[in-house]
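Examination of the molecular architecture
Each chain, letter by letter, is given below.
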Number of protein chains: 2
Amino acid sequence: MRLKIKNVDFLHGEKGIKKGDICIENGRISACGNNNETQSFSAEKEIDGVNCLALPGLINCHTHAGMVYTRGFADDKPLMTWLEDYIWPLEGRLNSEDIYWGTLLAISEMLASGTTTFTDMYFAMDRAGKAVEESGIRAVLTWGLIGLQPGAEAQLKKTVDFARNWQGQADGRIKTMLAPHAPYTCPPSFMKKILEQAEKNDLPIHIHLAETRDEIDQLAREFEKSPIKWALDLGVFEHKTLAAHCVHLNDEDLDILKEKDVGVAYNPQSNMKLASGIAPIARLLEKGVRVGFGTDGPGSNNSLDMFTEMKAGALLQKVASKNSQNLPAGMVVKMGTAMGADILGLGSEIGSLQKGKKADIILLNLDKVHLTPVFDPLAHVVYSCRGNDVQTTIVDGTILYDKGEFYTIDVEKVKWEVRNRTARLSG
Amino acid sequence: MRLKIKNVDFLHGEKGIKKGDICIENGRISACGNNNETQSFSAEKEIDGVNCLALPGLINCHTHAGMVYTRGFADDKPLMTWLEDYIWPLEGRLNSEDIYWGTLLAISEMLASGTTTFTDMYFAMDRAGKAVEESGIRAVLTWGLIGLQPGAEAQLKKTVDFARNWQGQADGRIKTMLAPHAPYTCPPSFMKKILEQAEKNDLPIHIHLAETRDEIDQLAREFEKSPIKWALDLGVFEHKTLAAHCVHLNDEDLDILKEKDVGVAYNPQSNMKLASGIAPIARLLEKGVRVGFGTDGPGSNNSLDMFTEMKAGALLQKVASKNSQNLPAGMVVKMGTAMGADILGLGSEIGSLQKGKKADIILLNLDKVHLTPVFDPLAHVVYSCRGNDVQTTIVDGTILYDKGEFYTIDVEKVKWEVRNRTARLSG
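Since the structure is predicted, the reported quantities are computational estimates derived from the model, not experimental observations. (Residues numbered from 1 in each chain as written. Chains lettered and ligands numbered in written order. Predicted model: local features only at pLDDT ≥ 70, side-chain atom pairs only at ≥ 80, totals over all residues. Heavy atoms only, no water.)

1. Points about the overall build of chain A
In terms of regular secondary structure, chain A is built from 17 helices and 17 strands. A globule of 427 residues ought to have a C-alpha radius of gyration of about 22 Å, and chain A, at 21 Å, matches this closely. Overall, the C-alpha framework of chain A stretches about 65 × 45 × 45 Å when taken along its three principal axes. Relative to its 427 residues, chain A shows a buried fraction of 65%. (Helix = DSSP H or I, 4+ residues; strand = E, 2+ residues; numbered from the N terminus. Rg over C-alpha atoms; globule rule 2.2 N^0.38 Å. Buried < 20%, exposed > 50% of the residue type's maximum accessible area, 1.4 Å probe, protein only.)

Quick look at the structure:
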């Protein structure tokens, strides 16, 4: 489909807001702005972009989509009570069809709030892959590995097979990584086996690191190391690594993350809700560490809306660092788009609106009372917009969501399935 | 109009969620639940409440509505640069018609996101009063007083006249207070004159207190006191007092606020965005101090959406106090409704859904992907809802907003006026 978005304000690369048309052909941006190419482009379908701001689709760098079944299930609890008494027992009852429907629900929420790529860590990821394939969204899928249980090696084999088989599936919209869950669930011997497979199959690593004070204390007791140093010494960072959380970091940790070019997924609302702590994101950025946003799972947030995540994350850094200039709006948008793409290894394909890139585009309708007046559109994106200000979501050049309508998902059926399954799971 | 909301889940007083009908007559709730009264009630208009949650309208305890003209005007700046180089020069150009249209825009935003009562501190408050009157919303209006300029006494006389004339106007929907801006703008001699007028006219006090570290330092230098002690010693707290911010408090301050039963307006997003600090709300609540939520003005937030305010405020307390159990969802909803009403002196009239109270009611449509599944509706209100999940807003028994339509405000004209005036103000 040759698609043209007409007369739209758009974020052009890192060059700021431009006005013009965006032309899309074969899933990519073939031209943008106001020039001979855009003028001569003959579209099969045109979208009126007046009053809209076009942005690269938002990139959620860390979530557990299948956890929609735990949204609002057990809030305001201490972390271990939440996990041990509520989340894990419910998760133990999840079957692979539950994961399929739950992931579809999460994808619906993400598309409707402007997320075009998400990074998932969960299980039954082949069924999550099916949901990604059918829905048209883009995803980095990682099957979580726990090394404490019997059968861990068989599980590793299964996730390696998954990572190999699904790499590049869904017309290239699926990318895979290996996902050791965390230092406290993956002993060094198991980690080494995972890293061997990562080496052999050229797979990046996605891992939770330095999320809670308990984790810091446990690793100090067992290894006399921080989680970051533990990962460094095991050789994790010899592979491309996406490290989720990174809340508790010492000065050496910051240096390691910079030197090893580790990508960090910042999950402010989950870290706040579970009282995990405040990640030193302003300091990481100052050092030049690459940081993207993640919503974490819907059980600990309880939302997949990247707009509220970006706002909360920016405001939290300002107050924690006592500096209102930290994480300015332009940087926050960059973290939610180009930098997020970069830490997923997708920086050359997505994350900005420019000729040749994949057409993952969202349109925000700015003609709203809560967005009036407009001085700086990027300030509105961060401080005033909510997920529902997204009018249109395009992935790979295909319209997936427009004005409340889902084009690839039977959302009434998905809600019905999730409600029915929730009754069984929580019963 | 005899109005009936049918088959709705509703928050019944402090008794939790009930199912039934809500009957409204002469602006008040005449019956609710499922009983002889609700069954025999003959309505002129019925609203289908299926899939909805009815809550008391949200109460924004501290804002500056007219500041919509500064929304997104100058973000990510140090506080004094923001004020001195951007906000004050623009505000100096505001005329009273700007205030009228700006307040109408802010009211539109608030109605559409479920706020039925707001507390305003700004100037040209008679024009703000006109906007409240026409729009049908409920408001506590306070005309800000600065004692540093010549003409302060004439200004005091004007605001006292305003407070007397507008008390109880708009069918009782308007309440007034006197509003000394802050300790650093109102010297003790001027404060004494304000308090004399408060005494004489039986008016409560609305004041910014202990917002920034600079204010703490300045009062320590000038008076060797904290702002709270300064206010106590001047006799401010002998009057009913609404204290906005209360970010920097020592132990004695906490005791004073409790003993004097001062109402605190917690403005988490503004305090974060301006890097003012984190108010010790969990400790205040533990002591039994009454706390409501405020959005502060649209220049320092940049939103009037009480849902994002409640979420950010709850999460911030959890992480700051390192306790995920602090500010649980039920308490947050109470702060946003009944406790907010109470600190405005309106607790007997609004803030909860029960027979005899004014019918200030909002309906949230929970049939959304991002609100699926539903375990605990109040957890959804705090952690998953956004302002736009509000389907219907009713104040004083009158529907003011329903499914995107404003019944009392020509919102296209209001946006047009604000945009035009913004061009002049920022030009």
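So that's the structure; there's more coming.
2. What about the domain arrangement of chain A?
All names here are of chain A. Taken domain by domain, chain A consists of domain 1 (3-56 + 349-406) and domain 2 (58-343). Look at where the C-alpha atoms of domain 1 and domain 2 centre, and you get two points 28 Å apart. Counting from both sides, the interface comprises 25 residues of domain 1 and, opposite them, 33 residues of domain 2. Taken together, both faces of the contact between domain 1 and domain 2 bury some 2300 Å²; the carbon and sulfur share is 69%. Counting the surface domain 1 buries against domain 2, the share from its top three residues, Ile 350, Val 382 and Tyr 383, is 26%. Asp 396 is the partner of Arg 138 in a salt bridge, and the nearest nitrogen-oxygen pair spans 2.9 Å. Elements with a minimum of two residues in the side of domain 1 that touches domain 2: β14 (361-365), α16 (377-383), β15 (390-395) and β16 (398-402). Considering every element that reaches the side of domain 1 that touches domain 2, the biggest residue donor is α16, with five residues. Residue composition of the side of domain 1 that touches domain 2, grouped by class: 17 nonpolar, three polar and five charged. (Domains from an automatic or database assignment. Contact = heavy atoms within 4.5 Å. Buried area = accessible area lost by both parts, 1.4 Å probe. Salt bridge = Lys/Arg side-chain N within 4 Å of Asp/Glu carboxyl O. Nonpolar A, V, L, I, M, F, W, Y, C, P; charged D, E, K, R; others polar.)

3. A few points about the relation of the copies chain B and chain A
Note: a rotation about an axis with an accompanying shift along it relates these two copies of the chain. Structural alignment of chain B on chain A gives an RMSD of 0.0 Å, achieved by rotating through 180 degrees and translating 0.0 Å along the axis. The operation mapping one copy onto its partner corresponds to a two-fold rotation axis. Rotation axis and chain B: the residue whose C-alpha lies nearest the axis is B:Ala312, separated from it by 3.3 Å. Here 100% of the interface residues in chain B have copies in chain A that are interface residues too; the copies meet face to matching face. (Least-squares fit on C-alpha atoms with pLDDT ≥ 70 in both.)

4. Side note on the interface of chain B and chain A
On the chain A side, the residues contacting the 63 residues of chain B number 63 residues. The junction of chain B with chain A conceals about 4800 Å² of combined surface from both sides, 63% of it contributed by carbon and sulfur atoms. It is B:Asp76, B:Val369 and B:Phe375 that lose the most area in chain B upon contact with chain A, and together they represent 15% of the buried surface on that side. Across the contact surface, chain B and chain A share eight salt bridges. Joining chain B to chain A, the criterion identifies 27 residue pairs in polar contact (both at pLDDT 80 or more). If you list the elements that add at least two residues to the side of chain B that touches chain A, you get α3 (96-112), α10 (268-273), α12 (306-321), α15 (377-383) and α16 (411-426) of chain B. (Polar contact = N/O pair within 3.5 Å; in protein donor to acceptor, adjacent residues only side chain to side chain.)

5. Structural notes on the environment of A:Asp261
All names here are of chain A. Secondary-structure assignment places Asp 261 in the loop between α10 (251-259) and β12 (263-266). Of the residues examined, Asp 261 reaches a relative accessible area of 43% and is grouped as partly exposed. C-alpha of Asp 261 to C-alpha of Leu 242: the two residues are 19 residues apart in sequence and 9.7 Å apart in space.

6. Regarding the pattern of salt bridges
All names here are of chain A. As enumerated under the stated definition, the model contains 62 salt bridges over all chains in all. Between Lys 287 and Asp 255 there is a salt bridge whose closest N-O contact spans 2.8 Å. A residue pair is termed long-range when its members are at least 10 positions apart, and Lys 287 in helix α12 (residues 281-287) and Asp 255 in helix α10 qualify at 32 residues. Residue Lys 287 is classed as partly exposed on the basis of its relative accessible area of 35%. Residues participating in the shared-partner salt-bridge network are Asp 98, Lys 413, Glu 417, Arg 421 and Arg 424.

7. A short note on the packing of aromatic side chains
A full pass over the atoms with the stated rule returns 18 aromatic pairs over all chains. Centre to centre, the rings of A:Phe73 and A:Tyr86 are 5.9 Å apart; their planes meet at 80 degrees, and the pair counts as edge-to-face. Taken together, the residues A:Phe73 in the loop between β6 (58-63) and α2 (79-92) and A:Tyr86 in helix α2 connect sequence positions 13 residues apart. Seen from their ring centres, A:Phe375 and B:Phe73 are 4.8 Å apart, and the 50 degrees between their planes marks the pair as tilted. Of the two residues, A:Phe375 sits in the loop between β14 and α16 while B:Phe73 sits in the loop between β6 (58-63) and α2 (79-92), which places them in two different chains. Feature note: the residues A:Phe73, A:Tyr86 and B:Phe375 constitute an aromatic cluster, connected by ring pairs. (Phe/Tyr/Trp six-rings, centres within 6.5 Å; stacked < 30°, edge-to-face > 60°.)

8. Observations regarding α2(A)
All names here are of chain A. Its axis deflected by about 30 degrees at Tyr 86, α2 carries its strongest bend there, up to four residues before the proline Pro 89. Burial in α2 covers these residues: Leu 79, Trp 82, Leu 83, Ile 87, Leu 90 and Glu 91. Buried positions along α2 lie against β7 (115-122) and α17 (411-426). (Bend = angle between axes of the 7 residues up to and from the residue.)

9. Observations concerning the side chain of A:Asp253
Residues and elements named next belong to chain A. With respect to the secondary-structure elements, Asp 253 resides in helix α10. Buried within the structure, Asp 253 lacks any salt-bridge partner; Lys 229 is the closest side chain of opposite charge, at an N-O distance of 8.5 Å. At 2.7 Å, the side chain of Asp 253 forms a polar contact with the side chain of Ser 226. When near neighbours in sequence (up to four residues on either side) are disregarded, Asp 253 contacts Ser 226, Ile 228, Lys 229 and His 248. (Lys, Arg positive; Asp, Glu negative; His and termini not counted.)

10. As for the confidence of the model for chain A
Averaged over chain A, the pLDDT score is 97; the fraction of residues at 70 or greater is 100%. Reported confidence for the predicted complex is 0.98 by ipTM and 0.98 by pTM. (pLDDT = per-residue confidence, 0-100.)

11. A few points about unusual backbone geometry
Most peptide bonds adopt trans geometry, and most residues besides glycine take a negative phi value. All names here are of chain A. Residue Pro 373 follows Thr 372 across a cis peptide bond; omega there is -5 degrees. Mapping Pro 373 onto the fold places it in the loop between β14 and α16. Residue Ala 210 is not a glycine yet carries a positive backbone phi of 55 degrees. With respect to the secondary-structure elements, Ala 210 resides in the loop between β10 (205-209) and α8 (213-223). Residue Ala 210 is classed as buried on the basis of its relative accessible area of 0%. The backbone of Glu 224 shows a phi angle near 55 degrees, a positive value even though the residue is not glycine. In this fold, Glu 224 is placed in the loop between α8 and α9 (227-234).

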